[in-house]
Protein chains: 4
Amino acid sequence: MRIADLVQSADWKAEKHVPVLEAADRVQAGEKLTVEVCVGKEIAHPNTTEHHIRWIKLYFKPDNGKFPYEIATFEFNAHGESVEGANKGPVCTDPFGKVVIKLNASGTLIAESYCNIHGLWESSKAVTVVE
Amino acid sequence: MRIADLVQSADWKAEKHVPVLEAADRVQAGEKLTVEVCVGKEIAHPNTTEHHIRWIKLYFKPDNGKFPYEIATFEFNAHGESVEGANKGPVCTDPFGKVVIKLNASGTLIAESYCNIHGLWESSKAVTVVE
Amino acid sequence: MRIADLVQSADWKAEKHVPVLEAADRVQAGEKLTVEVCVGKEIAHPNTTEHHIRWIKLYFKPDNGKFPYEIATFEFNAHGESVEGANKGPVCTDPFGKVVIKLNASGTLIAESYCNIHGLWESSKAVTVVE
Amino acid sequence: MRIADLVQSADWKAEKHVPVLEAADRVQAGEKLTVEVCVGKEIAHPNTTEHHIRWIKLYFKPDNGKFPYEIATFEFNAHGESVEGANKGPVCTDPFGKVVIKLNASGTLIAESYCNIHGLWESSKAVTVVE
Ligand SMILES: [Fe+3]
Ligand SMILES: [Fe+3]
Ligand SMILES: [Fe+3]
Ligand SMILES: [Fe+3]
């Protein structure tokens, strides 16, 4: 069995688990590039103690290189758990993250997300780096 | 030895390692609250393969409860590492994160950050939740 | 509010949340040192979808240095969650971890653990490094 | 681009990056199962500030279910970094982890590992659960 058999893909407008990846299409080499990732932009995903998005990972695969680099991991850790019981706690974290990166080569951003009961999902976006 | 002996605190305008925590002072219960965390807002911190901010953790301690809840972890994972050698890689991640949460009790946000050679740092901010 | 106000300490034989840290008292510089951490060695902690130990972090503070180094993080991610409902899933992860490290200075190992509803706990153990 | 294009596979006896996954082939439902993961069992991988194994993730895909569950993440965080410069620090973490789980369905364990300059690698192992 391979990871490829585990990570699901779909249109995020129709399937709520697919991570949405937003960033400019082009950026100057070495300039700040803001990247936003989220799950549930069009169709909200539950956020309960029993069922929630736990994390989104962000990778970058340069066009001129063989290996991907991990850029960031966002862990969403609060889902209403509490001593009073499930879903009675004081805080919930939405599955949304924003990061700022600098690139010096063109390539592809890849987001991977994990729902604690519906597994792994992915999406990607190409970014062109100009000098 | 205690964790209390390990986590350093200071004014972030004078000490570059201290996490900066930005959020509204007041929020409606259950409404979205945006929280931004970063290191180096006033004095930039290096971001090299050898020396960088690796993560920021965000906790919430409700006024009416004894225990803190972990809200989110932001891992900043790219620091110029590459097959060509240190600091020649295609991507660097800034120590900045943004998260969206919902609160239903007043309390304190606490940010903890980790520099891979200068250890643990913290800051906090109170938030009042109104009905 | 400080992290020091959040991290609790106690005797692990009496309080089930305290991380147990097991390692040799002395080790040769640069030789492999096995470190085991767990929660619930004497009194088992629940491991349910609603209440569980989520992670243990391991730090090292050298005697001759000012800053702690993060050695490892163990995340325990499966707690019976499933599409069929809470606690009906096929897998649970015990709060136990083992890691192998090399030290070249004497210092203190510090373990920090997190229960999703009972917060942060810590313990520590000195290790002497001999040439 | 898909995650499937990023995660590499090979024989761990010939390629040092491939995670080695060791566990019993059969286990009683609900009994403790020890799972060990490591990188470099046959051919050691470097562990330097500039080049190291950063983490291993462990998943479980039940035969009777569609989605994988994340079991554990092992982060190896110390690689000789220090104020004195790269590779002069007091501690290094080997890419080895051990976890204890309970299964109640047959399925496949999948390990995914990340080298900070050579990217993602995977391996898997089937486990039969008997009543
Ligand atoms: Fe889901
Ligand atoms: Fe620093
Ligand atoms: Fe507990
Ligand atoms: Fe490598």
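Relevant structure appears above.
Each value, and the rule that gives it
- Residues numbered from 1 in each chain as written.
- Chains lettered and ligands numbered in written order.
- Predicted model: local features only at pLDDT ≥ 70, side-chain atom pairs only at ≥ 80, totals over all residues.
- Heavy atoms only, no water.
- Pairing = 2+ DSSP bridges.
- Helix = DSSP H or I, 4+ residues; strand = E, 2+ residues; numbered from the N terminus.
- Donors = N, O, S within 2.8 Å, 3.2 Å for Na, K, Ca; no water.
- Buried < 20%, exposed > 50% of the residue type's maximum accessible area, 1.4 Å probe, protein only.
- Contact = heavy atoms within 4.5 Å.
- Buried area = accessible area lost by both parts, 1.4 Å probe.
- Salt bridge = Lys/Arg side-chain N within 4 Å of Asp/Glu carboxyl O.
- Polar contact = N/O pair within 3.5 Å; in protein donor to acceptor, adjacent residues only side chain to side chain.
- Nonpolar A, V, L, I, M, F, W, Y, C, P; charged D, E, K, R; others polar.

Student: Could you give me a rundown of the pairing of strand E10 (residues 119-130) of chain A, with the residues and numbers involved?
Tutor: Residue and element names in this part refer to chain A. Judged from the two bridges that link them, strand E1 (residues 7-8) and E10 form a sheet pairing that is parallel. Bridge pairing in E10 links Gln8 to Trp121. The pairing of strand E3 (residues 26-28) with E10 spans three bridges and is parallel. Bridged to Arg26 within E10 is Thr128. Sheet topology places strand E9 (residues 107-115) next to E10; nine bridges connect them, and they run antiparallel. Within E10, the position partnered with Thr108 by the bridge is Ala126. In sequence, E9 turns back onto E10 through a hairpin of three residues.

Student: Kindly report on the coordination of the iron ion (ligand 1), identifying the contributing residues and their values.
Tutor: Residue and element names in this part refer to chain A. Ligation of the iron ion (ligand 1) by protein atoms is provided by His17 (NE2), His45 (NE2), His51 (NE2), Cys115 (SG) and His118 (ND1), these donors lying 2.1 to 2.4 Å from the ion. If you list the donors of the iron ion (ligand 1) from N- to C-terminus, the spacing comes out as H-x27-H-x5-H-x63-C-x2-H. Note that His45 is positioned in the loop between strand E4 (32-39) and strand E5 (53-62) and His118 in the loop between E9 and E10, a separation of 73 residues in sequence. A relative accessible area of 16% places His118 in the buried class.

Student: Lay out the interface of chain C and chain A with the relevant residues and their values.
Tutor: Contacts between the two partners involve 12 residues from chain C, matched on the other side by 12 residues from chain A. Of all residues in chain C, Arg54, Glu81 and Ile117 of chain C bury the most surface against chain A, accounting for 40% of the area lost on that side. Along the contact surface separating chain C from chain A lie two salt bridges. Note that Arg54 of chain A is salt-bridged to Glu81 of chain C, the shortest N-O span being 2.9 Å. Connecting chain C to chain A are four residue pairs in polar contact (both at pLDDT 80 or more). Classifying every residue of the side of chain C that touches chain A by side-chain character gives three nonpolar, five polar and four charged.

Student: Break down the coordination of the iron ion (ligand 4) for me, with residues and values.
Tutor: Residues and elements named next belong to chain D. The coordination sphere of the iron ion (ligand 4), as far as protein atoms go, consists of His17 (NE2), His45 (NE2), His51 (NE2), Cys115 (SG) and His118 (ND1), spread over 2.1 to 2.4 Å. We note that the donor set of the iron ion (ligand 4) lies within a single chain, spaced as H-x27-H-x5-H-x63-C-x2-H. With His51 in the loop between strand E4 (32-39) and strand E5 (53-62) and His118 in the loop between strand E9 (107-115) and strand E10 (119-130), this residue pair connects regions lying 67 residues apart in the sequence. Given a relative accessible area of 14%, His51 falls into the buried group.

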